[in-house]
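As a plain string of letters, each chain reads:
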Amino acid sequence: MANTVYAAANTRPHWAGTDADLDIHLEAYEGDIEGSFRVQSMFRSEGLTNYKSVANQSNTWRGDRIGGVSVKGRKSGEALDSSRIVNEKFVITVDTTSYIRTPVDYQDDWTAPDFQSEYSAEHGSAHAKAFDQAHIIQLIKAGAWVAPAALKASGAFYDGIAETVTGYAAETDPAAKADLLVQKHKEVVAEFVKRDLGGSLSEFVTLITPDAFNVLLDHDKLMNVQFSGNDTMGNSFVKRRIAMLNGLPVMETPRFPTAAITDHFLGAAFNVTATEAKALMIVFHPRKTLVTVEAQPMTVRMWDDEKEFNNVLDSYTMYTVGIKRGDAVAVLSTD
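Conventions and cut-offs
- Residues numbered from 1 in each chain as written.
- Predicted model: local features only at pLDDT ≥ 70, side-chain atom pairs only at ≥ 80, totals over all residues.
- Heavy atoms only, no water.
- Helix = DSSP H or I, 4+ residues; strand = E, 2+ residues; numbered from the N terminus.
- Rg over C-alpha atoms; globule rule 2.2 N^0.38 Å.
- Contact = heavy atoms within 4.5 Å.
- Areas by Shrake-Rupley, 256 points an atom, 1.4 Å probe, with all protein chains shown as cover.
- Lys, Arg positive; Asp, Glu negative; His and termini not counted.
- Charge placed at Lys NZ, Arg CZ, Asp CG, Glu CD.
- Pairing = 2+ DSSP bridges.
- Axes fitted to C-alpha atoms, helices over the stretch in contact; angles between N-to-C directions.
- Salt bridge = Lys/Arg side-chain N within 4 Å of Asp/Glu carboxyl O.
- Buried < 20%, exposed > 50% of the residue type's maximum accessible area, 1.4 Å probe, protein only.

(A) Focus on the overall build of the protein chain. Broken down by element type, the protein chain carries seven helices and 14 strands. The C-alpha radius of gyration of the protein chain comes to 28 Å, more than 25% above the 20 Å expected for a compact globule of 335 residues. For the protein chain, the spread of C-alpha atoms along the principal axes amounts to about 125 × 60 × 35 Å. Considering only intrachain contacts with a sequence separation of at least 6, the fraction spanning at least 24 residues in the protein chain is 74%. Carbon and sulfur atoms provide 51% of the accessible area of the protein chain, an area that totals close to 19600 Å². Computed over 32 positive and 44 negative side-chain charges, the separation of the two mean positions in the protein chain equals 15 Å.

Structural data, given as structure tokens:
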């Protein structure tokens, strides 16, 4: 299209350069700040762990494990046999502070809007994600938990459960793939009943990865109203909801590790192998499984580093996660 007669001499506001073709428009800023999606800790909000505080007392928390007696019989005149109850202790030591430090130079602070509340929210989301993943890592490791020999011999404790869903990775039929998960999940529920946890099944929780959750949505019976008792609060394909599986509540979470971790911030006990990162479903009893030992609750503070000419936002907490007993956990992994 042809130019106007003024094109060569036009005065163009907010266009610079010899040919007035360099855009220098001012941004229309209205304080609209976009950060990470806000996240709350599932393990805190849902009560999926047992909290113990050692603040201002010690760096170590102690628990006890006991069990193992059998019923005997006697006839008239026979001596009574005594039964010893086996006692074992376990300790969990807190040795690492989890923290985030965000410094802001005075001059940058002076020449920009105040983002302190947004920065604090970023810290909170990061801590929540890390906290939940640390707990899931310990649950995964609980699948390989070995009960103390004396307690295991007494019949009161068992080893953890770690199962591979054989054929899952290669299966291409969605319904068949979903059924592999459902059947393996059903097997571990039956194992818990055999371990005398049947009376506590209502307290168990199933954690599942988003990808595995999607697979379950293709299960014929799980999504069929004939098998859900017309429960409008239950499973629904159209609402992308699976409330129950084999009698246990299901919670979808993206906090499962998806690759090996070799330098976890809480230490080597939280590192993850490539095999452990294949976990896609965890069935566990919150009251019996995890212990979160806390030496310092979450603290957030903004302080003035006058020497370095910086305002500093710190958030920190000191905790670790241990296993009370691993025989109330089953970890299902892809092959």
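(B) Representation of the sheet that holds strand E14 (residues 329-334) in the model. With mixed pairing, six strands are arranged side by side in an open sheet as E7-E14-E11-E8-E10-E9. The sheet terminates laterally at strand E7 (161-165) and strand E9 (244-245), the two strands that pair on one side only. Pairing of strand E8 (residues 205-208) with strand E11 (residues 279-284), which is carried by four bridges, proceeds in the antiparallel orientation. Looking at the pairing, Val205 lines up with Phe284 of E11. On top of the sheet, helix H3 (residues 116-142) reaches E8, E11 and E14; it is set at about 80° to E11, its chief contact. Here helix H5 (residues 174-197) sits on the sheet in contact with E7, E8, E9, strand E10 (248-252), E11 and E14, set at roughly 160° to E7.

(C) Fine view of the pattern of salt bridges. Summed over all chains, the structure comprises ten salt bridges. Salt-bridge contacts for Asp64 lead to Arg62; the nearest nitrogen and oxygen are separated by 2.9 Å. The exposure class assigned to Arg62 is partly exposed, which follows from its relative accessible area of 49%. When salt bridges that share partners are traced, they join Glu163, Lys184 and Glu187 into one network.

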